[in-house]
Amino acid sequence: MANNSEEIRPPDPWNDGPWNEIASLVLFVVGLVVLLALVSYSATDGSWNNPQAEGTVRNLVGPFGANLADLLYQLFGLTALVLPPLLFVLGWWQWNEKRSELSRPRIIGLLMMFIALTGILTIISGNQRPRAFYLGGAIGKLLIHGELTGLAVFLGPMGAVS
């Protein structure tokens, strides 16, 4: 006779099959590709931002990596370096099946923290533009120095530390 206290759970193809391992390996590989692309970034590589570059691509992932790193650095600046560890952690959670339930407010909060980090890096760098990209990327530059939405518009130059 079956024990009534045990709940009979229908099989879940995602959690009961090999899909956890497959998804975690994909996350690890994508994280590794993004990490290699970001670490081996060179401003002289041909990309969307530098189409006139000649010669060989120095990025370890090739032309795709040069374009990916350029896009991530242009949008997020140094905050892009947070993405590979995030992908590794997500892959680890997927592998161990110890994923915590993330609610929508927590996901929105993490996204806001990521965007705020771009703004902080922009404030730290001031108005100086490095050779290849802003430290906070285009998002941080828009967040702090945007004409309509920038923090400097609302708080003034001293309030935004610009």
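Residues numbered from 1 in each chain as written. Predicted model: local features only at pLDDT ≥ 70, side-chain atom pairs only at ≥ 80, totals over all residues. Heavy atoms only, no water.

A. Region of the structure containing helix H3 (residues 63-76). Look at H3: 20 Å from first C-alpha to last across 14 residues, which is about the 20 Å you get at 1.5 Å a residue. When H3 is considered as a whole, its buried residues turn out to be Gly65, Ala66, Asn67, Leu68, Ala69, Asp70, Leu72, Tyr73 and Phe76. The secondary structure elements touched by the buried residues of H3 are helix H2 (19-39), helix H4 (83-96), helix H5 (104-125) and helix H6 (137-145). Gly77 occupies a position one or two residues after H3 and carries a positive phi of about 65 degrees. (Helix = DSSP H or I, 4+ residues; strand = E, 2+ residues; numbered from the N terminus. Expected span 1.5 Å × (residues − 1). Buried < 20%, exposed > 50% of the residue type's maximum accessible area, 1.4 Å probe, protein only. Contact = heavy atoms within 4.5 Å.)

B. Representation of the packing of H2 against H3 in the model. Where H2 contacts H3, the two axes come as close as 8 Å, and the packing angle between them is 80 degrees. Taken together, the axis directions place H2 and H3 in an arrangement best described as roughly perpendicular. Residues Val33, Val34, Ala37 and Leu38 of H2 form the contact with H3, whose own contacting residues are Phe64, Gly65, Leu68, Ala69, Leu72 and Tyr73. In the contact of H2 with H3, the residues fall into nine nonpolar, one polar and no charged. (Axes fitted to C-alpha atoms, helices over the stretch in contact; angles between N-to-C directions. Parallel < 35°, antiparallel > 145°, perpendicular 65-115°, else oblique. Nonpolar A, V, L, I, M, F, W, Y, C, P; charged D, E, K, R; others polar.)

C. Representation of the packing of H5 against H6 in the model. It is the contact of H5 with H6, at a shortest axis distance of 8 Å, that shows an interaxial angle of 75 degrees. It follows from the interaxial angle that H5 and H6 lie roughly perpendicular. On H6, the residues touching Ile115, Thr118, Gly119, Thr122 and Ile123 of H5 are Gly137, Ile139, Gly140, Lys141, Leu143, Ile144 and His145. Taken together, the residues of the contact of H5 with H6 sort by class into five nonpolar, six polar and one charged.

D. Here's a closer look at the side chain of Thr122. Mapped onto the fold, Thr122 is located in helix H5. Those residues within four positions of Thr122 in sequence are excluded, and the remaining contacts are Gly136, Gly137, Gly140, Lys141, Ile144 and His145.

So, to be careful, I would describe these as geometric facts and stop short of saying anything about function.
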